[in-house]
Amino acid sequence: MSDVLTAEVLRNALVVAAEEASIVVVRSAYSTFIVEGSDASAAVLDARGQLIAHSMATTLMNSMALKVALPELVRDVPLETMRPGDVYVLNDAYRGGVHTNDLLVYRPVFVEDRPAYFAATMIHVSDLGGLSAGGMAPLATDIFLEGLQLPPVRLATSAGLEPAVEAILRANSRTPDKVMGDVRALVAGTAVAAARVGALVAEYGAAGLASGIDDYLDYTEARTRTALADLPEGRFEASYPIDDDGISLEKSHDVRVAITLERHSSDGGRVEPQAPEMRAVLDFAGTGAQVPAAINASASQSLAAAVFAVRCFLDPTIPMNDGCLRAIEVRLPEGSLLNARSPYPCGGRYVPIYAAMEAIFQALSDAVPERAIAPSGILQPFSIAAVGAPYWIHLSYDFGGVGARRGLDGPDATGVHFGIGRNSVPQAEPVESRCPLIVESIETIPDSGGPGRHRGGLGSRTVYRFLADCHVTTRGDRLRLAPPGRDGGLPGRVGGFFKRHLDGTVERLASKVNNVRFAAGEAFVVETTGGGGMGSPYERDREAVLADLDAGHVTERGAQEDYGLTR
């Protein structure tokens, strides 16, 4: 049994190993969004599938995928058949993956001639086929329209990449050289993390490392249960709507959750507790059924949403690893929007899982009013791509405003997001240098934050003017049904996607469109939705409204109509 200090040293060492791996991927990759947006994740897991550590930059969506998919890999490729230097890949959404463009790559770390740990990396590669470049496919009606599916297969050996797998990847990509550059970066990242884990085994011994890991997972579990005990026991329910599925534009869909905070006898960890301990049970029964449209999610992504949302109401210093997961039970009905089965598409996973996150936020805001938050504007993903070969692709998203919180205004244009990690919207200059476009402007939108005693965060407006013909694909939501306010607060202002024609007229696009052609000189305008307000806007402090006027957060009209203030 290792001591507490040793366990903490090991925890940080493993986090650093994962962080270094993610940095290696970013610096080695070819795709613009990875290089300029730092869109890479890495994790260390044990052979039982426990999440031991992930990089500080890692999105929880990705680390949950890496955790859930590892047992699927081991099911197809037994541990005893693996050899040093082997590297494996999969992207199957129904077996823990995300969607076709997200490649999950694993390298076993051997201890005494048997895999004991796995170094894992993951990124969204530039393109693996499907309806539109970049893997967006917002109008896909089945998984086959989203791109190439890979079951668990060996990607590389100690001799290098498997030629047959490389040939398959190249044949299914509009940007084969970039994809293979990204793949080699993923492999390199696993090599670095595996080397660091091997060094820890050498330093602490196999038993010492395993014991230290068990200790800090138990510690994380204990801290999570202690934090849950600060929440009131009981059952709390909420739901959140999805605008539409992109196919039937008049029909909305709902995600529902019932959260039970209760004491129970735990069977997690290595030591049975002396008394019942707190746990959170999140049951999504009643959530809409899966649909033949790109608004479904795989189970790993919905698990990530649930864990993230609960952790937002707990002590933020609690580490994120498998110990935390022992205290949070998530029930996802099979065949629902949150646990789709083949052949239903999963590429639009942001839409249902952000609805799940919002439903949890509202349920827990009812449970703990002093920590309440109003609903927020969702991030707005889109892609811009060449209309033909040679292909260039720009993948991006802009963020909505955050809902007002108890006692605080919502932050502007940052979004409440757990799918991002380190990566952010790339800077304009490197995007302009890589793609034939000009970023004309980026600004926040006055009056877009929901009015309230505490104002919702503002949405943003970005304008891209194209220097060559191109296709634009979008996958938005909360562009028709505005994020509502809480406790008398008003909704945020909805955003949208727009096409500015050569004559200056502006056309609103649907929230989910595929390969809309833009001519050189035309512009694509992305407006994100503001967050909901909290409390009556007529209770807002006059000085706060005046400060918003001076800062340009509200207009004179908004101050008068929304807050009843004139000057």
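Student: I tried to follow the overall build of the protein on my own but got confused; where do I start?
Tutor: When its secondary structure is counted, the protein shows twelve helices and 20 strands. By the compact-globule yardstick of 24 Å for 567 residues, the protein fits well, its C-alpha radius of gyration being 24 Å. Counting across all 567 residues of the protein, residues that qualify as buried make up 61%. At a minimum sequence separation of 6, the contacts of the protein that also span at least 24 residues come to 73%. Of the roughly 20200 Å² of accessible surface on the protein, 52% is carried by carbon and sulfur atoms. The protein carries 51 positive and 70 negative side-chain charges, and their two centres are separated by 1 Å.

Student: How should the sheet that holds strand β19 (residues 512-518) be read in this particular structure?
Tutor: By definition, the strands of a sheet pair up through backbone hydrogen bonds, in either a parallel or an antiparallel sense. If you trace the four strands from one edge of the open sheet to the other, you get β13-β12-β16-β19, paired in antiparallel fashion. Each of the sheet's edge strands pairs with one partner strand only, and the pair in question is β13 (393-398) and β19. Recorded for the sheet is a direction-independent mean angle of 15° between the axes of neighbouring strands. Where strand β16 (residues 470-475) meets β19, five bridges bridge the pair, whose relative direction is antiparallel. Among the inter-strand pairings, R475 is bridged to a residue of β19, identified as K512.

Student: Just to check I follow, could you spell out the packing of helix α1 (residues 4-28) against helix α5 (residues 176-204) for this structure?
Tutor: The relative placement of two packed helices is expressed as an angle between their axes plus a distance between the axes. Running from amino to carboxyl end, α1 crosses α5 at an angle of 160°, the nearest separation of the two axes being 7 Å. Considered as vectors, α1 and α5 are oriented roughly antiparallel to each other. At the point where α1 passes α5, the crossing takes the right-handed sense. Residues T6, V9, L10, A13, L14, A17, E20, A21, V24, V25 and S28 of α1 lie in contact with α5, whose contacting residues are G181, A185, L186, A188, G189, V192, A193, R196, V197, L200 and Y204. Partitioning the contact of α1 with α5 into residue classes produces 16 nonpolar, four polar and two charged.

Student: Looking at this structure, I do not really get the packing of aromatic side chains. What am I missing?
Tutor: How two aromatic rings sit relative to each other is set out by the distance from centre to centre and by the angle between their planes. Scanning the entire structure with this criterion turns up eleven aromatic pairs. Taken together, a centroid distance of 6.2 Å and an interplanar angle of 50° make the contact between F313 and F361 tilted. Taken together, the residues span a long stretch of sequence, with F313 in the loop between α7 (299-311) and α8 (322-325) and F361 in helix α9 (residues 350-367) at a distance of 48 residues. A residue is classified by how much of its surface remains accessible, and F313, at 4% relative accessible area, is buried. Classification of F361 by relative accessible area gives buried; the value is 3%. With centroids separated by 5.6 Å and ring planes inclined at 65°, the aromatic side chains of F382 and Y464 adopt a geometry described as edge-to-face.

Student: Got a minute to help me understand the pattern of salt bridges in this structure?
Tutor: Any two side chains of opposite charge can pair, on the condition that their charged atoms come close. Under the counting rule described, the total for this entry stands at 45 salt bridges. For K512, the salt bridge is made with D477, and the minimal N-O distance between the two is 3.3 Å. In this pair, K512 is assigned in strand β19 and D477 in the loop between β16 and β17 (496-500), connecting sequence segments 35 residues apart. According to the relative accessible area criterion, K512 is buried, its value standing at 4%. Assessed through its relative accessible area of 2%, D477 is described here as buried. A salt bridge links K499 to E522; the nearest nitrogen and oxygen atoms lie 3.7 Å apart. Of this pair, K499 sits in strand β17 while E522 sits in the loop between β19 and β20 (523-527), and the two are 23 residues apart along the sequence. There is no split in this pair, since K499 and E522 are both buried. When salt bridges with common partners are traced through the structure, they connect D218, E221, R225, E277 and R326 into a single cluster.

Student: So what exactly am I meant to see when it comes to the pairing of strand β1 (residues 41-46) here?
Tutor: Most of β1 sits out of view: six of its six residues are buried. Both faces of β1 are covered, namely the face carrying S41, A43 and L45 and the face carrying A42, V44 and D46. Where β1 lies against strand β2 (residues 51-54), three bridges are found, and the strand directions are antiparallel. The residue bridging L45 from the neighbouring strand is L51, located in β2. Between β1 and β2, which pair antiparallel in sequence order, lie four residues; one of them, G49, sits at a positive phi of approximately 95°.

Student: What's the story with the sheet that holds strand β7 (residues 160-161) in this structure? I'm lost.
Tutor: Read across the sheet, seven strands follow the order β2-β1-β5-β4-β3-β6-β7 without closing on themselves; strand pairing throughout is antiparallel. The open sheet has two edge strands, β2 and β7, and neither has a second partner.

Student: What exactly am I supposed to notice about the packing of helix α3 (residues 60-76) against α7 here?
Tutor: It is the contact of α3 with α7, at a shortest axis distance of 8 Å, that shows an interaxial angle of 125°. Between α3 and α7, the angle is such that the two are oblique. The hand of the α3/α7 crossing is right-handed. Here L60, M61, M64, A65 and V68 of α3 come into contact with α7, specifically with S300, Q301, L303, A304, V307 and F308.

Student: Sorry if this is basic, but what is going on with the nonpolar core here?
Tutor: As a rule of thumb, nonpolar side chains are buried together in soluble globular proteins. Formed by 87 residues in total, the largest nonpolar core has its most connected members in L73, Y106, L228, L261, L282, F284 and I360. The greatest single-element share of this core, amounting to 13 residues, is contributed by α9. The contacts of L282, once residues within four sequence positions are left out, are V257, A258, I259, A306, V310, I328, E329, V330, R331 and I360. Residues A40, V89, V105 and V187 belong to the second largest nonpolar core, which totals 24 residues.

Student: I would appreciate a short explanation of the side chain of E358 in the present structure.
Tutor: Structurally, E358 is set in helix α9. In contact with E358, not counting residues within four places along its chain, are Y240, A374, P375, S376 and R478.

Student: Can you walk me through the confidence of the model for the protein in this structure?
Tutor: Low-pLDDT portions of the prediction should not be read for the details of their coordinates. With 95% of its residues at a pLDDT of 70 or more, the protein shows a mean pLDDT of 93. Low pLDDT, under 50, characterises residues 269-273; the predicted model gives this stretch twelve contacts beyond four residues in sequence or across chains.

How each quantity is defined
Residues numbered from 1 in each chain as written. Predicted model: local features only at pLDDT ≥ 70, side-chain atom pairs only at ≥ 80, totals over all residues. Heavy atoms only, no water. Helix = DSSP H or I, 4+ residues; strand = E, 2+ residues; numbered from the N terminus. Rg over C-alpha atoms; globule rule 2.2 N^0.38 Å. Buried < 20%, exposed > 50% of the residue type's maximum accessible area, 1.4 Å probe, protein only. Contact = heavy atoms within 4.5 Å. Areas by Shrake-Rupley, 256 points an atom, 1.4 Å probe, with all protein chains shown as cover. Lys, Arg positive; Asp, Glu negative; His and termini not counted. Charge placed at Lys NZ, Arg CZ, Asp CG, Glu CD. Pairing = 2+ DSSP bridges. Axes fitted to C-alpha atoms, helices over the stretch in contact; angles between N-to-C directions. Parallel < 35°, antiparallel > 145°, perpendicular 65-115°, else oblique. Left-handed = near helix turned anticlockwise from the far one by under 90°. Nonpolar A, V, L, I, M, F, W, Y, C, P; charged D, E, K, R; others polar. Phe/Tyr/Trp six-rings, centres within 6.5 Å; stacked < 30°, edge-to-face > 60°. Salt bridge = Lys/Arg side-chain N within 4 Å of Asp/Glu carboxyl O. Core = buried A, V, L, I, M, F, W, Y, C linked by side-chain atoms within 4.5 Å. pLDDT = per-residue confidence, 0-100.

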